[in-house]
Amino acid sequence: MDYIMPFVPESIKSMPVHMDFAGQKKAEKTFQMIILLFGAVGFVWGYVCQQFSQTMYILLAGVLLSCILTLPPWSMYRKNPLQWQKPRPEFGSGEAVSSPPPASNTAQKSKKKK
């Protein structure tokens, strides 16, 4: 894959390729609603025409539309970015790492005994 990267234009390299969790949920709901709608319309139209192929063509159109709307990471799916924590320094790097002491459960245990 590394041998292809020099030939890829900079405009393609700079495209965003992520989607946040809220965007994933929105994309999944959109995908399901489009498939359900086109499936129902296709079923009714196929029943009226008495052609199962018409049902399948309409369903295929819904699948294509939903893929175009939900697979690329459009900006409407990237409105809630995650705030990542800063990485902790590793042990042995010379910096002192202090972690908070574990909370004691003795107060909770004494309350349960009463």
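Being a predicted model, the structure only gives us computed values, none of them experimental.

Chemist: Help me understand the environment of His 18, please; the structure alone is not making it clear to me.
Modeler: Take His 18: it is sitting in the loop between α1 (10–13) and α2 (21–49). Ignoring anything within four residues of it in the chain, the contact list for His 18 reads Pro 73 and Arg 78.

Chemist: Can you walk me through unusual backbone geometry in this structure?
Modeler: Across the chain, the bulk of peptide bonds are trans and the bulk of non-glycine residues have phi less than zero. Phi is positive for Gln 50, close to 60°, though the residue is something other than glycine. In this structure, Gln 50 sits in the loop between α2 and α3 (52–70).

Chemist: Where do I start with α3 in this structure?
Modeler: Because an α-helix packs 3.6 residues into every turn, residues spaced three or four apart end up facing the same way. Compared with the 27 Å implied by 1.5 Å per residue over 19 residues, the 27 Å span of α3 between its first and last C-alpha is a close match. Here α3 has its buried residues at Thr 55, Ile 58, Gly 62, Ser 66 and Thr 70. For α3, the angular spread of the buried residues around the axis is 90°, confining them to a single face. For α3, the exposed residues set more than 90 degrees away from the buried face come down to Tyr 57 and Ile 68. Structurally, α3 contributes buried residues whose contacts are with α2.

Chemist: Would you take a moment to explain a nonpolar patch on the surface for this structure?
Modeler: A cluster of nonpolar residues, Phe 43, Val 44, Trp 45 and Val 48, forms a patch on the protein surface that exposes about 450 Å² of accessible area. Its place among the elements puts Val 48 in helix α2. Residue Val 48 is classed as exposed on the basis of its relative accessible area of 57%.

Chemist: When you look at the side chain of Thr 55 in this model, what are you seeing that I'm missing?
Modeler: Mapping Thr 55 onto the fold places it in helix α3. With sequence-adjacent residues up to four places away left out, Thr 55 is seen in contact with Gly 42, Phe 43 and Gly 46.

Chemist: Honestly, the side chain of Asp 20 in this entry has me stumped. Any pointers?
Modeler: Secondary-structure assignment places Asp 20 in the loop between α1 and α2. Despite its burial, Asp 20 pairs with no opposite charge; the closest candidate is Arg 78, at 7.5 Å N-O. Within the structure, Asp 20 has its side chain in polar contact with the backbone nitrogen of Gly 23 (distance 2.5 Å). Among residues more than four places away in sequence, those in contact with Asp 20 are Tyr 77, Arg 78, Lys 79, Asn 80 and Pro 81.

Chemist: Quick question: what am I supposed to make of α2 here?
Modeler: Over its 29 residues, α2 extends 42 Å from the first C-alpha to the last, a length consistent with the 42 Å expected when each residue adds 1.5 Å. Looking at α2, one finds that the buried residues are Gly 23, Ala 27, Ile 34, Gly 42 and Gly 46. Residues of α2 that are buried make contact with α3. N-cap assignment for α2: the residue whose side-chain oxygen lies 3.2 Å from the backbone N of Ala 22 is Asp 20.

Chemist: What am I meant to see in the packing of α2 against α3 here?
Modeler: Between two packed helices, both the angle of their axes relative to each other and the distance between the axes serve to describe the pair. One can describe the packing of α2 onto α3 by two numbers: an axis separation of 8 Å at closest approach and a directional angle of 165°. Taken together, α2 and α3 sit at an angle that is classed as roughly antiparallel. By crossing handedness, the relation of α2 to α3 is classed as right-handed. Only Gln 54, Thr 55, Ile 58, Leu 59, Ala 61, Gly 62, Val 63, Leu 65, Ser 66, Cys 67, Leu 69 and Thr 70 of α3 make contact with α2, whose side of the interface consists of Ala 27, Thr 30, Phe 31, Ile 34, Ile 35, Phe 38, Gly 39, Gly 42, Phe 43, Trp 45 and Gly 46.

What counts and how
- Residues numbered from 1 in each chain as written.
- Predicted model: local features only at pLDDT ≥ 70, side-chain atom pairs only at ≥ 80, totals over all residues.
- Heavy atoms only, no water.
- Helix = DSSP H or I, 4+ residues; strand = E, 2+ residues; numbered from the N terminus.
- Contact = heavy atoms within 4.5 Å.
- Expected span 1.5 Å × (residues − 1).
- Buried < 20%, exposed > 50% of the residue type's maximum accessible area, 1.4 Å probe, protein only.
- Arc of directions from axis to C-beta.
- Patch = residues over 30% accessible without salt bridge, like charges linked within 9 Å, V, L, I, M, F, W, Y side chains within 5 Å.
- Areas by Shrake-Rupley, 256 points an atom, 1.4 Å probe, with all protein chains shown as cover.
- Salt bridge = Lys/Arg side-chain N within 4 Å of Asp/Glu carboxyl O.
- Lys, Arg positive; Asp, Glu negative; His and termini not counted.
- Polar contact = N/O pair within 3.5 Å; in protein donor to acceptor, adjacent residues only side chain to side chain.
- Axes fitted to C-alpha atoms, helices over the stretch in contact; angles between N-to-C directions.
- Parallel < 35°, antiparallel > 145°, perpendicular 65-115°, else oblique.
- Left-handed = near helix turned anticlockwise from the far one by under 90°.

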